[in-house]
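Remarks on the overall topology
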Amino acid sequence: MSASISPPVEEQRRLRLKDRTIIPSAPYLLVSNIFDLGCEIPFVGPTICPKSGWRSILPKEWVEFPRGKLSHSFDSSFHRYADRDVSYADFIRWEKVNAWNSGTVHDNVGLSATLHDYYNYAFNTNSTELGMLTNPMALCVLAALVMIVRLLKKVFLPKFSDLGRRLGRNTHGPNWENENEERIVKFGEYVYRLCYHSAVSIYGIWYFRDKSWWNKSQGGTSNLWDMHPNHPIEPGMAWYYLVQCAYNVDALISLMELSFKVELVNPLAYSSALKFLEKEHVVDENQRKKEVLKMMVKGGCDQTVLWTPLFQIKWSSTVRGDFREMMAHHVVTNYVPIDMSKLANFVKWKTTTIVCFVTMGKLDPALHEAIGWTLVSKGETHDYSEHKNGEKQKSS
């Protein structure tokens, strides 16, 4: 073990800018930053971290600057080291400077010129504010894309469902559609997803086909980390992620619409309940809130997710019976073990990679069994065998 031997953060930054080859790969930087931030947390950090710093308990070769894999420190995040994204105002200013240097005039008067500038900014300029979703312009574009996605779904989902209805009628007979409307709707959703993912995949293959990270002679995957965090964000990349994000936001909104319903609460009834409790001499505020909730949520307290004096959110009748189990399955098996295994595999931590996969392998069947038991216990079992009369829902 050794004491931490690292120069001040500003000196480290100067040396990194001078020689980028000393910068460890991104997973090591992430681990270092997590520990640095953890030890700075008030009350908690000083309790769990040694006084001489967390690096003091590690071998010297891991923490000796600049070649130690965990020797680099940052202020609080990588944001300070990132170049500022190009705003639309910056773009217009540069266009005017370029026009002046070339002896021409940048015409930004009129609708046509404005649209032309917006087009060049969005589709011909690298590292714009569209590449960062925390920027207001990117959020506005994302909101517009979400509305476009929802409009496309509204137009095409009924058409795809009609296609499924015709196919089912031809395959199973004319009576099949009467008892399988839910499956017809799902068929339309599956076709829509297939079209979207196919289109995005084709675009991704075309766009990424000639990138340097595929070619070992050009540096291979090291190009993914070079110049971090100042990679140029090409317009095609920014729009690729914006469209993907819009699709997922729409999917989340659709899931919320299926799972929850919002009901307004009568404010007069709420006021009356408070007055009633005052007359009953219930003075404790927490107790009054609990009593008001019992009075306002009549007979459906188990269905209420959130209650406020203005509105309440309840589980919808169309919610999946295994909603909670599916959410736990998604978080446990997709987020934690898979992402951890990818990071561990990148830095060649074989044991950690195996542990992550074993954990996922053990948890996945257990959660599937929990999901199955939930559906059976709630009577939501289905007969998926193909027969002429179609699917019939069964109650257990």
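Before any of the text, the structure's been laid out above.
In this report, we go over the structure that sits alongside the text. Note that the coordinates shown come from a computational prediction; the quantities given were computed from them, not determined experimentally.

1. So, the overall build of the protein chain
- Secondary structure summary: the protein chain contains 13 helices and five strands in total.
- Considering the protein chain as a whole, with its 396 residues, one finds that 31% of them fall into the buried category.
- Considering only contacts in the protein chain between residues 6 or more positions apart, those separated by 24 or more positions represent 64%.
- Summed over all atoms, the accessible surface of the protein chain reaches about 26400 Å², with 63% contributed by carbon and sulfur.

2. Things to note about the nonpolar core
- Leu 130, Val 141, Leu 145, Tyr 192, Trp 239, Leu 242 and Ala 246 are the most contacted members of the largest nonpolar core, which totals 21 residues.
- Where this core is concerned, the elements lending two or more residues are α7 (136-172), α8 (181-208) and α9 (235-259).
- Non-local contacts of Leu 130, meaning those with residues more than four positions away in its chain, are made with Ala 122, Met 137, Ala 138, Val 141, Ala 238, Trp 239 and Leu 242.
- The next biggest cluster of nonpolar side chains, apart from the first, holds five residues, and it includes Val 86, Tyr 88, Ile 92 and Tyr 121.

3. Re the packing of α8 against α9
- Viewed as axis vectors pointing N to C, α8 and α9 meet at an angle of 165°, and their least axial separation amounts to 11 Å. Classed by the angle they form, the pair α8 and α9 counts as roughly antiparallel. Crossing of α8 against α9: the hand is left-handed. On α9, the residues that touch Tyr 192, Arg 193, Tyr 196, His 197, Val 200, Tyr 203, Gly 204, Tyr 207 and Phe 208 of α8 are Gly 236, Met 237, Tyr 240, Val 243, Gln 244, Tyr 247 and Asp 250.

4. Considering the packing of aromatic side chains
- With the rule as written, the count across this model stands at 18 aromatic pairs.
- Here Phe 123 and Trp 239 contribute two aromatic rings whose centre-to-centre distance is 5.0 Å and whose plane-to-plane angle is 10°, an arrangement assigned as stacked. Taken together, the residues Phe 123 in helix α6 (residues 111-123) and Trp 239 in helix α9 connect sequence positions 116 residues apart.
- For the ring pair Tyr 203 and Tyr 240, a centre distance of 5.9 Å and an interplane angle of 25° mean the geometry is stacked. Here Tyr 203, found in helix α8, pairs with Tyr 240, found in helix α9; they are 37 residues apart in sequence, far enough to count as distant.

5. Focus: the pattern of salt bridges
- Counted according to the given criterion, the structure contains 12 salt bridges.
- When the shortest N-O distance is used, the salt bridge between Arg 165 and Glu 181 registers 2.7 Å. Of this pair, Arg 165 sits in helix α7 while Glu 181 is found in helix α8, placing the two residues 16 residues apart along the sequence.
- Residue classification places Glu 181 among the partly exposed residues on the basis of a relative accessible area of 38%.
- A salt bridge links Arg 169 to Glu 177; the nearest nitrogen and oxygen atoms lie 2.8 Å apart.
- By relative accessible area, which is 32% here, Arg 169 ends up partly exposed.
- A single network of salt bridges, built from pairs that share partners, joins Asp 162, Arg 165, Arg 169, Glu 177 and Glu 181.

6. Comments concerning the state of the cysteines
- If you walk through the whole model with that rule in mind, you get one disulfide.
- Between the sulfur atoms of Cys 39 and its disulfide mate Cys 49 the distance is 2.0 Å. Given an S-S torsion of about -85°, the disulfide between Cys 39 and Cys 49 has left-handed geometry. Residue Cys 39 is found in helix α2 (residues 26-40), and its partner Cys 49 is found in the loop between α3 (44-48) and α4 (60-63); the two are separated by 10 residues along the sequence.

7. Side note on α7
- For α7, with 37 residues, the first-to-last C-alpha span of 52 Å sits near the 54 Å given by 1.5 Å per residue.
- At Phe 156, α7 shows its maximal kink, close to 30°; a proline, Pro 158, follows between one and four residues later.
- Looking one or two residues past α7, Gly 173 carries a phi angle of roughly 105°, positive in sign.

8. Some thoughts on a nonpolar patch on the surface
- Taken together, Ile 148, Leu 151, Leu 152, Val 155 and Phe 156 make up a surface patch of nonpolar side chains, about 440 Å² in accessible area.
- Structurally, Val 155 can be placed in helix α7.

Analysis parameters
- Residues numbered from 1 in each chain as written.
- Predicted model: local features only at pLDDT ≥ 70, side-chain atom pairs only at ≥ 80, totals over all residues.
- Heavy atoms only, no water.
- Helix = DSSP H or I, 4+ residues; strand = E, 2+ residues; numbered from the N terminus.
- Buried < 20%, exposed > 50% of the residue type's maximum accessible area, 1.4 Å probe, protein only.
- Contact = heavy atoms within 4.5 Å.
- Areas by Shrake-Rupley, 256 points an atom, 1.4 Å probe, with all protein chains shown as cover.
- Core = buried A, V, L, I, M, F, W, Y, C linked by side-chain atoms within 4.5 Å.
- Axes fitted to C-alpha atoms, helices over the stretch in contact; angles between N-to-C directions.
- Parallel < 35°, antiparallel > 145°, perpendicular 65-115°, else oblique.
- Left-handed = near helix turned anticlockwise from the far one by under 90°.
- Phe/Tyr/Trp six-rings, centres within 6.5 Å; stacked < 30°, edge-to-face > 60°.
- Salt bridge = Lys/Arg side-chain N within 4 Å of Asp/Glu carboxyl O.
- Disulfide = S-S within 2.5 Å.
- Expected span 1.5 Å × (residues − 1).
- Bend = angle between axes of the 7 residues up to and from the residue.
- Patch = residues over 30% accessible without salt bridge, like charges linked within 9 Å, V, L, I, M, F, W, Y side chains within 5 Å.

This is a description of form; function is not addressed.
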